[in-house]
Each structure stands twice: as structure tokens, then as C-alpha cells.
Amino acid sequence: MADFKVILAQDLRQANRDQAAANRARFKTSDVMVVNLISSPGAGKTSILEATLARLAGEMKIGVIEGDIATSRDAARIAGWKVPVVQINTAGACHLDAALIAAALPELPLEELDLLFIENVGNLVCPAEFDLGEDVKVGILSVAEGSDKPLKYPLVFQEAQVLLLNKIDLLPYTDFDLAAFRQDLKALNPNLLVITLSARTGEGLEEWFLWLKQLVASKKKQTSPCGATA
């Protein structure tokens, strides 16, 4: 009988959970808030990220990890905003994992950052299954994708703390059912905050920016000597 080792998927998932915990501990030590952006390709992750950098990079120190199967185009766009950015190419994998994030961290001035965005590989399914050590997951959907996505791909909507419904300016030109969409989201995740916005026109972006500022402030309060026991 051949002598070989069988590696079970559950072992790989446990290894990812262990590395995610190590990443989370490092983020906590560095006092940086980490946001994992998840969406399908073309939903507008990078455009929203650029709008966010344009508005907030002068108020806080922001870094970005870009995840793509190939190319460094998104990282080049982000680098134009003069913020630290690292590109991860997965060479075919449909998601980032905790080990890839850990490998990228030495390339970032982590202790100097207030906020770190992880722009995951464009995919509504796999990225939601893998903890990277982030503080929060933010889902992004565009109205062009259809209002049926929460029930078809529920996990990301269940795991996310915030859902950004992008390209809201296109709503009149689609058959997107906003009422049914909100109803489905409420059934999946009653606590999910939904922000409707348009990265192109700027509609709704201020609500997103305010949420981010409050998020960063909440972590600073938790890790400050006085806030730790507040």
C-alpha cells in the first residue's frame, strides 16, 4: 500500500482560522481597524475605495491590500492617492486567505495606520467563507446585479456588518426591487446596516464616511488606557 498523507479540507480551514487569529492579534497590537471589502467583479469596490481615500486620507492614515487573480491595475489606481498599498495576486484562487494577508503585512507601516482596507478578490461566495483577521466585513452590491442576490448567495450578507448598495443612480434603469431586497436582507441579517450610494455621483457616500470614522474612533477608544475599561 502506498504511503501518503491525506490533508482534509477541515484541517486547511483550521489552519486559516489559526492564522486569522494571529493576524487579528497583530492588528490589535498595532491599533489599526481592518475592513474586508467583499463583492462580485464590477460592483464598484475600487471606485468606492478611491472615493473614500479622496475624502478621508487627509483625516486618518489609511493603507490598502488589493486582492486580484491577476494584474496590479487596482493597486496602481490606489497608489495614485499616495497611500501605502500592497497587491496580492492569487494566480487563480477565488479569494484571499489569512496566510496571504500575513505575508503582505511586512510591506505595510502597520503601526502608523488608523484604517486598513482589504479589497478581496471579486467573488460573492468564497471570500465570505475565509476569516482574514479583519474587524468587520463590508459587502458591496450594485443595482445592476439584481435584487435576488441575498437569497442566492446568503453567506456574505449574513457575515457582513454593512452592505453598500452601489450604483443607486442606475436604479430607474433596472428592475431592481429595493423593497424586496431590504426584506430579504432583514430575514438574513436583521442587524445589517444598508447604505445606498453611488461612487460615480457621490450620493450616499457621506453616510459611509461617517460610519467609517465612527468605526475607527470606536477601536481607538477600546485600545486607549481609559477606554479599555470604559
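Here the structure is a predicted model, which is why all the values come from computation and not from measurement. (Residues numbered from 1 in each chain as written. Predicted model: local features only at pLDDT ≥ 70, side-chain atom pairs only at ≥ 80, totals over all residues. Heavy atoms only, no water.)

Engineer: An account of the pairing of strand S2 (residues 62-68) is requested, with residue identities and associated values reported.
Structural biologist: Counting buried positions along S2 gives seven out of seven residues, so the element sits mostly inside the fold. The alternating pattern of S2 places Ile62, Val64, Glu66 and Asp68 and Gly63, Ile65 and Gly67 on opposite faces, both of which are buried. The sheet contact formed by S2 and strand S4 (residues 115-119) spans five bridges and is parallel. If you follow Glu66 over to S4, its bridge partner there is Glu119. What joins S2 to strand S3 (residues 85-89) is helix H3 (residues 73-79), and the crossover it makes is right-handed. (Buried < 20%, exposed > 50% of the residue type's maximum accessible area, 1.4 Å probe, protein only. Helix = DSSP H or I, 4+ residues; strand = E, 2+ residues; numbered from the N terminus. Pairing = 2+ DSSP bridges. Right-handed = clockwise from strand over helix to strand, strands pointing away.)

Engineer: So what's going on with the pairing of S4? Which residues, and what values?
Structural biologist: Burial analysis of S4 places five of its five residues in the buried class, the great majority of the element. Going residue by residue along S4, you find Leu115, Phe117 and Glu119 tucked away on one face and Leu116 and Ile118 tucked away on the opposite face as well. The pairing of strand S1 (residues 33-39) with S4 spans five bridges and is parallel. Residue pairing in the sheet places Val34 in a bridge with Leu116 of S4.

Engineer: Could you give an account of the environment of Leu205, naming the residues involved and the relevant values?
Structural biologist: Structurally, Leu205 is set in helix H8 (residues 205-223). C-alpha of Leu205 to C-alpha of Asn166: the two residues are 39 residues apart in sequence and 9.8 Å apart in space.

Engineer: With reference to specific residues and values, describe the packing of aromatic side chains.
Structural biologist: Scanning the model with the defined rule gives two aromatic pairs in all. Their ring planes at 15° and their centres at 5.7 Å tell us that Trp208 and Trp211 sit as a pair that is stacked. Of this pair, Trp208 and Trp211 are both found in helix H8, three residues apart, which corresponds to roughly one turn of the helix. Taken as a pair, Trp208 and Trp211 share a single burial class, namely buried. (Phe/Tyr/Trp six-rings, centres within 6.5 Å; stacked < 30°, edge-to-face > 60°.)

Engineer: Lay out the UniProt feature "domain: CobW/HypB/UreG nucleotide-binding" (unreviewed entry) in the protein chain in plain terms, naming residues and giving numbers.
Structural biologist: Here the UniProt feature "domain: CobW/HypB/UreG nucleotide-binding" (unreviewed entry) sits at residues 34-194. Here residues 34-194 is 29% helix and 23% strand, with 19 Å between the C-alpha atoms at its ends. (UniProt positions renumbered as here; feature names shortened; annotations may be inferred.)

Engineer: Report on the sheet that holds S1, specifying residues and quantitative values.
Structural biologist: Sheet architecture is open: seven strands sit in the order S3-S2-S4-S1-S5-S6-S7, paired in parallel fashion. The outermost strands of the open sheet, each flanked by one partner alone, are S3 and strand S7 (193-196). Going from strand to strand, the sheet's axes swing by 20° on average, the running direction of each strand aside. Two strands pair when backbone bridges link them, and S2 and S3 are joined in this way by five bridges, in the parallel orientation. Paired with Val64 across the two strands is Val85, which belongs to S3. (Axes fitted to C-alpha atoms, helices over the stretch in contact; angles between N-to-C directions.)

Engineer: Mind laying out the nonpolar core, listing which residues take part and the relevant values?
Structural biologist: Val35, Leu115, Phe117, Val138, Leu164 and Trp208 are the most contacted members of the largest nonpolar core, which totals 30 residues. Every element with two or more residues in this core is listed here: S1, helix H2 (45-56), S2, S4, strand S5 (136-142), strand S6 (162-166) and H8. Broken down by element, the residue count for this core peaks at seven residues, all from H8. Setting aside anything within four residues of it in sequence, one finds Trp208 in contact with Leu37, Ile48, Thr52, Phe117, Val138, Leu164, Ile195 and Leu197. Ranked by size, the runner-up nonpolar core spans 17 residues in total, among them Phe27, Val32, Ala104 and Leu132. (Core = buried A, V, L, I, M, F, W, Y, C linked by side-chain atoms within 4.5 Å. Contact = heavy atoms within 4.5 Å.)

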